[in-house]
Amino acid sequence: MTASIVGWAHTPFGKFDTETVESLVTRVANEAMADAGISAGDVDEIVLGHFNAGFSAQDFTASLVLQADPKLRFKPATRVENACATGSAAVHQGLRAIAAGAAKIVLVVGVEQMTRTPGPEIGKNLLKASYLPEDGDTVGGFAGVFGKIASSYFQKYGDQSDALALIAAKNHKNGVANPFAQMRKDFGFDFCRAESEKNPFVAGPLKRTDCSLVSDGAAALVLADAETAKTMTKSIGFRATAHAQDFLPMSKRDILQFEGCTVAWQRALEQAGVTLNDLSFVETHDCFTVAELIEYEAMGLTPRGQGARAIKEGWTLKDGKLPVNPSGGLKSKGHPIGATGVSMHVMTAMQLAGQAPEGMQLKNAKLGGIFNMGGAAVANYVSVLEPLK
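Cut-off values and rules
Residues numbered from 1 in each chain as written. Predicted model: local features only at pLDDT ≥ 70, side-chain atom pairs only at ≥ 80, totals over all residues. Heavy atoms only, no water. Helix = DSSP H or I, 4+ residues; strand = E, 2+ residues; numbered from the N terminus. 1 Å grid on protein atoms, 1.4 Å probe; cavity = no way out; pocket = protein on both sides within 12 Å on 5 of 7 lines; lining within 4 Å. Points joined across faces, edges and corners; volume = space filled by probe spheres on them. Nonpolar A, V, L, I, M, F, W, Y, C, P; charged D, E, K, R; others polar. Salt bridge = Lys/Arg side-chain N within 4 Å of Asp/Glu carboxyl O. Buried < 20%, exposed > 50% of the residue type's maximum accessible area, 1.4 Å probe, protein only. UniProt positions renumbered as here; feature names shortened; annotations may be inferred. Pairing = 2+ DSSP bridges. Axes fitted to C-alpha atoms, helices over the stretch in contact; angles between N-to-C directions.

As annotated in an unreviewed UniProt entry, the protein carries the name Acetyl-CoA acetyltransferase and comes from Bradyrhizobium symbiodeficiens.

Turning to the environment of Pro133, a few remarks are in order. Checked against the element boundaries, Pro133 lands in helix H4 (residues 132-135). Separated by 116 residues in sequence, Pro133 and Pro249 have C-alpha atoms that sit 8.6 Å apart.

Taken as a whole, the largest pocket spans an internal volume of roughly 480 Å³. Contributing to the lining of the largest pocket are 27 residues, with Cys211, Ser212, Leu213, Val214 and Phe288 lying nearest its centre. Only helix H3 (119-127) and helix H5 (141-157) provide two or more residues apiece to the lining of the largest pocket. Lining the second largest pocket are 14 residues, and of these Ser4, Ala226, Ser235, Gly237 and Leu388 lie nearest its centre. If you list the elements that add at least two residues to the lining of the second largest pocket, you get strand E1 (3-10), helix H8 (226-229) and strand E8 (236-245). The class makeup of the residues in the lining of the second largest pocket is 6 nonpolar, 4 polar and 4 charged.

Pairing between side chains of opposite charge can happen when their charged atoms approach one another. Under the criterion given, the structure shown has 10 salt bridges. Taking the shortest distance from any N to any O, the salt bridge between Glu19 and Arg27 comes out at 3.7 Å. With a relative accessible area of 16%, Glu19 lands in the buried category. Of the residues examined, Arg27 reaches a relative accessible area of 33% and is grouped as partly exposed. Note that Lys170 and Glu292 form a salt bridge whose closest N and O atoms lie 3.0 Å from each other. Of the two residues, Lys170 sits in helix H6 (residues 161-175) while Glu292 sits in helix H10 (residues 289-298), which places them 122 residues apart along the sequence. Like Lys170, the residue Glu292 is buried in the burial classification. Each member of the salt-bridge network shares a partner with another, and the members are Glu19, Arg27 and Glu31.

It is worth spelling out empty space enclosed by the protein at this point. For the coordinates displayed, the defined rule picks out 1 cavity of 30 Å³ or more. Quantified by volume, the largest cavity comes out at close to 30 Å³. Considering the residues around the largest cavity, the lining is formed by Ala129, Ser130, Tyr131, Asp135, Phe142, Val145, Leu248, Met250, Arg253, Ala376 and Val378. In terms of residue class, the lining of the largest cavity is made up of 8 nonpolar, 1 polar and 2 charged.

Taking the numbering used here, the UniProt-annotated feature "domain: Thiolase C-terminal" (unreviewed entry) corresponds to residues 250-386. The span residues 250-386 is 38% helix and 14% strand, and its two end C-alpha atoms sit 35 Å from each other.

Burial runs high along E1: 8 of the 8 residues are buried. Pairing analysis gives 7 bridges linking E1 to strand E7 (residues 216-225), with the strands arranged antiparallel. Bridge pairing links Ala3 to Asp225 in E7. Relative to E8, E1 runs antiparallel, the two sharing 2 bridges. Pairing of Ile5 across the sheet is with Ile236, part of E8.

One open sheet holds the 9 strands; their spatial order is E3-E2-E4-E7-E1-E8-E11-E10-E9, and the pairing between them is mixed. Edge positions in the sheet fall to strand E3 (77-80) and strand E9 (281-284), since each has one partner strand and no second. Averaged over neighbouring strand pairs, the angle between their axes works out to 25° when direction is ignored.

And the structure:
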């Protein structure tokens, strides 16, 4: 590939009454540039990932990044959106600018502020990432969409409640060591498995512990072309990237296949010249635990219908053959929509640079995979990263 990540920044994810989209954006933009050792004047282009869809009254937000430093004025700045994969869409857009020779240094920011929105409106906003003519009246909003997917999976392959609880417990345990995570609590399998007053059913067979969090937060990274990256103190290279967009209506595809996820992984692994077995770890899109379960199958870790094996046999634990979501994933870390994809790249870069927080850092991490998904396997982005220096 032609570019590397040479600096990054990440706010904690959570509920922040005193923050705004602007304050979150400017904070991480400045911190990422400082981490890369560059000034605002060195930036050639800016890409902002911001889903919004009603969460923020302020739309047209690309220029908010310029508030970070007057030297960013008149730089090309564009906002991108691709549902829950908005952050990765921003990263990939920045990579294209560098590949085209239009920029040598690109500042990529992802942001979302969700918690100020009333509960019913949150569900309505998130449902905009589905096909409204078919799913617009879904009870439970976007959770209801994945509740249907989970119910269909259970009908075809049997009750997978144990596997979902194991995935939730794994990700919550991993999140304890992540200082950026919104929920740093090890709930354990028994709590995640049992229905209770604190863990009620939300949609279909999905309980509260099966659903990612409503979050505020931002993340940013600095991309540099190959020559510029050689002059930087650290460089995490893109071994491969892939993006596969699928039909929006679930009625036009087999929703239990996550075919776009499969295509994106196949393209990226082929481009990188590696197999899944070569990866040291994966950060995958666990907006709901059933998503992570199906993603095991879609990425090729297990055959179709056998995703439960990966978690039940410990393959995806921190000390397993392919650790999945050592950061805690969306489940523990939180899911501020526009920030998530950028966050996944930052977490992966930290691991590969040996700079992940204590307890989260994996030993000898050499190759990291990222899968970020928008909608119900509609927007599918894969990145494969490796440390260059």
